[in-house]
Amino acid sequence: MRLVIYCLGMIWLGCQSGALTSAKKYIRAGENEKADQKLAEALLAAPQNPEIHFLKGKVAALQGEYINMNSAFKKARGLSSDYDREIDQLRHKYWAREYNQGAAMVTAEKPELQAAGQFFRRAITIDPDPLETWRKLAYVLYHQDSLE
């Protein structure tokens, strides 16, 4: 039985590329640029691996590159539904962070409407569905006398 478990473990390790393993280590260490480079290498070897696309989306989110995050998550979802729950959680986390920072700017003693608008736009990029984000952005634009 131990031999079977050992063999399965070796097969699993053999299937996972060195670049993917390195990327995971870099993500854990907070070295997002290096992780992104390793994930690009891993994609060359296994472009249909949904985990690589998921991790690319995760790294893009950590870097605040939400358009790239959306693209990678869309690709991961197209290849497998295994990461759907994690993708939804990450999207909500980053949406809430951007939305809350924008709301804090609007309600500050001295409101910073320009910065608040940028936070709300990023939140909309992450998830365009919540109406409250659009309302807050409209509020900001109205108080800036914007025609947008």
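Within any chain, residue numbers begin from 1 and follow the written order of that chain's sequence. Given that the model is predicted, a residue must reach a pLDDT of at least 70 before its local features are reported, and side-chain atom pairs must reach 80 or more before they are shown or counted; all residues, however, enter totals for whole chains, interfaces and linings. Derived side-chain values reflect all non-hydrogen atoms in the structure, with water molecules and hydrogen atoms excluded from consideration.

Caption draft 1: Here's a closer look at helix H2 (residues 18-29). A rise of 1.5 Å per residue sets the reference length of H2, with its 12 residues, at 16 Å; its end C-alpha atoms lie 17 Å apart and thus fit the reference within 8%. Between buried and exposed lies partly exposed: a residue is buried under 20% and exposed over 50% of the maximum accessible area for its type, with that area taken using a 1.4 Å probe on protein chains only. Numbering goes from the N terminus for both helices and strands, where a helix is a DSSP run of H or I of at least four residues and a strand is a run of E of at least two. Considered for burial, the residues of H2 that qualify are Ala 19, Leu 20, Ala 23, Lys 24 and Ile 27. Across the axial projection of H2, the buried residues extend over an arc of 140 degrees, all falling on one side. In H2, the exposed positions that point more than 90 degrees away from the buried face belong to Gly 18, Lys 25, Arg 28 and Ala 29. The contact definition used throughout considers only heavy atoms, calling two residues in contact when any of these lie within 4.5 Å. If you follow the buried residues of H2, they end up packed against helix H3 (32-45) and helix H4 (50-62). The span you would expect from a helix comes to 1.5 Å times its residue count less one. Throughout, the arc means the angular range of directions from the helix axis out to the C-beta atoms.

Caption draft 2: Fine view of the nonpolar core. As used in this record, nonpolar core signifies buried Ala, Val, Leu, Ile, Met, Phe, Trp, Tyr and Cys residues forming a set joined through side-chain atoms within 4.5 Å. Formed by 35 residues in total, the largest nonpolar core has its most connected members in Leu 39, Phe 54, Met 69 and Phe 120. Contributions of two or more residues to this core are made by H2, H3, H4, helix H5 (66-79), helix H6 (84-107), helix H7 (113-126) and helix H8 (131-143). Sequence-distant contacts of Met 69, that is, excluding residues within four places in its chain, are made with Gly 57, Ala 60, Ala 61, Arg 91 and Ile 126.

Caption draft 3: Summary view of the packing of aromatic side chains. Aromatic pairs are defined between Phe, Tyr and Trp rings, using the six-membered ring for Trp, whenever the two ring centres lie within 6.5 Å; interplanar angles under 30 degrees are classed as stacked, those over 60 as edge-to-face, and all others as tilted. Within this structure, the stated rule accounts for 5 aromatic pairs. Judged by centre distance (6.1 Å) and plane angle (50 degrees), the ring pair of Tyr 66 and Tyr 94 falls under tilted. In this pair, Tyr 66 is assigned in helix H5 and Tyr 94 in helix H6, connecting sequence segments 28 residues apart. Across this residue pair, the class does not change: Tyr 66 and Tyr 94 are buried. Relative to Phe 120, the ring of Tyr 99 lies with its centre 5.7 Å away and its plane at 55 degrees, an arrangement referred to as tilted. Taken together, the positions of Tyr 99 in helix H6 and Phe 120 in helix H7 put the pair 21 residues apart, joining distant regions of the chain. Take Phe 120: its relative accessible area is 0%, and that puts it in the buried class.

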